[in-house]
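Observations on chain architecture
Each chain, written out:
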Amino acid sequence: MNIRRSLIAGNWKMNLNINKAVELINAIAAIMNEIDEVDVLVAPPFTMLPAVRKAIGSSGIFLGAQNMHQDMSGALTGEISGRMLQDVGCTHVILGHSERRGIFQETDEIVNLKVKAALVLGLIPIICIGETLEEREAGKTFEVIKGQLNNSLQNFKADQLMPPSTILAYEPVWAIGTGHTATPEQAQEIHQFIRKWVEDNFNIGTANQIRILYGGSAKPENISGLMAKPDIDGALVGGASLKGDPFINLIRFKK
Ligand code: 13P
């Protein structure tokens, strides 16, 4: 029996506006009472968080942010701290997304500091890892994933503690926004490898409990095949999370 609840999470990236965001939340909230086996989360841009929190009301949709700074406060123009995210009602934060790593030069070491800060605050991190096409074609996928896990989760390793609520997201860079989804078999192979890494570095209990999401062109047409795999616990969705119909169909993947 799978002890892990499925999670469908929408990463809105730098899209939508407050009106559209509230409309989208209203559409999702309207079907939340039919969904009892799937957790739902949205990660809007910072400016929309208070309005989205209000629209979520008591519907049970989880609220996450897309990034945060590792410091609690200070002279860091343009940055947002984890405390500020909690202040507007976030319970989760995406860290180490490949767009942050690639475009904003976020290293594993920075991701590690952010994970630590989130943990201190009690924010649940959704930590992203994944290889580029070049790395995959060079046969380096496992090596890259292992390196990202070792270095981004260094603080967990040092403390020998990985809260089971921690969420990992395997997002092959070549599948993000390209329409080229990893096959369920390709994704399962990496998810299994990630779970084994957690077992080897922590313990089997933690490995059995943590959720590992797949991200990269996830959509209603391919979600069932992905979710049928034993180590795929949900999806981190970009493009298909921006409109009510596809996102709701993703949430309803079991029907
Ligand atoms: P797409 O679903 O648009 O490929 O984006 C995936 C992603 O990056 C989610 O974090």
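This brings us to the overall build of the protein chain. In terms of regular secondary structure, the protein chain is built from twelve helices and eight strands. A compact globule built from 255 residues would reach a C-alpha radius of gyration of about 18 Å, and the protein chain, at 17 Å, matches this within 12%. Taken over the C-alpha atoms alone, the protein chain extends approximately 50 × 45 × 35 Å along its principal axes. The burial tally for the protein chain puts 51% of its 255 residues in the buried class. A separation of at least 24 residues holds for 72% of the contacts in the protein chain among residues at least 6 apart in sequence. Here the protein chain contributes 24 positively and 27 negatively charged side chains, and the mean placements of these two sets differ by 4 Å.

In this model, the largest pocket occupies a volume close to 370 Å³. With three residues, the top contributor of residues to the lining of the largest pocket is helix 4 (residues 98–103). Per-class residue counts for the lining of the largest pocket are seven nonpolar, four polar and three charged.

What the rule picks out here adds up to 13 salt bridges. Of the charged contacts in the structure, one is a salt bridge between E106 and R100, with a shortest N-O distance of 3.1 Å. You can call E106 buried: its relative accessible area is 7%. Ionic pairing is found between K229 and E185, a salt bridge with its closest N-O pair at 3.4 Å. Taken together, the residues K229 in the loop between helix 11 (220–227) and strand 8 (234–237) and E185 in helix 9 (residues 184–201) connect sequence positions 44 residues apart. K229 sits in the partly exposed class, given a relative accessible area of 23%.

Moving on: the site of the ligand. Taken together, 13 residues surround the ligand, and among them K13, H97, G177, S217 and G239 come closest. Take G238: an N or O atom from its main chain is 2.9 Å from an oxygen atom of the ligand. Its free accessible area being 310 Å², the ligand has 94% of it covered by the protein chains. In the shell around the ligand, the residues fall into four nonpolar, seven polar and two charged.

Turning to unusual backbone geometry, a few remarks are in order. Despite not being glycine, L16 has its phi angle at roughly 70°, a positive value. Note that L16 resides in the loop between strand 1 (6–11) and helix 1 (18–29). For L16, a relative accessible area of 27% corresponds to the partly exposed category. Phi at S217 is positive, roughly 55°, even though this residue is not glycine. Here S217 lies in the loop between strand 7 (211–215) and helix 11.

With that settled, consider helix 1. Here helix 1 spans 16 Å end to end across twelve residues, near enough to the 16 Å set by a 1.5 Å rise per residue. For helix 1, the complete set of buried residues consists of A21, L24, I25 and I28. All buried residues of helix 1 fall inside an arc of 100° around its axis, so they share one side. Pointing more than 90 degrees away from the buried face of helix 1 are the exposed residues N19 and E23. Buried residues along helix 1 sit in contact with strand 2 (38–43), helix 2 (49–56) and helix 12 (244–251).

Cut-offs applied
Residues numbered from 1 in each chain as written. Predicted model: local features only at pLDDT ≥ 70, side-chain atom pairs only at ≥ 80, totals over all residues. Heavy atoms only, no water. Helix = DSSP H or I, 4+ residues; strand = E, 2+ residues; numbered from the N terminus. Rg over C-alpha atoms; globule rule 2.2 N^0.38 Å. Buried < 20%, exposed > 50% of the residue type's maximum accessible area, 1.4 Å probe, protein only. Contact = heavy atoms within 4.5 Å. Lys, Arg positive; Asp, Glu negative; His and termini not counted. Charge placed at Lys NZ, Arg CZ, Asp CG, Glu CD. 1 Å grid on protein atoms, 1.4 Å probe; cavity = no way out; pocket = protein on both sides within 12 Å on 5 of 7 lines; lining within 4 Å. Points joined across faces, edges and corners; volume = space filled by probe spheres on them. Nonpolar A, V, L, I, M, F, W, Y, C, P; charged D, E, K, R; others polar. Salt bridge = Lys/Arg side-chain N within 4 Å of Asp/Glu carboxyl O. Near = heavy atom within 4 Å. Polar contact = N/O pair within 3.5 Å; in protein donor to acceptor, adjacent residues only side chain to side chain. Areas by Shrake-Rupley, 256 points an atom, 1.4 Å probe, with all protein chains shown as cover. Expected span 1.5 Å × (residues − 1). Arc of directions from axis to C-beta.

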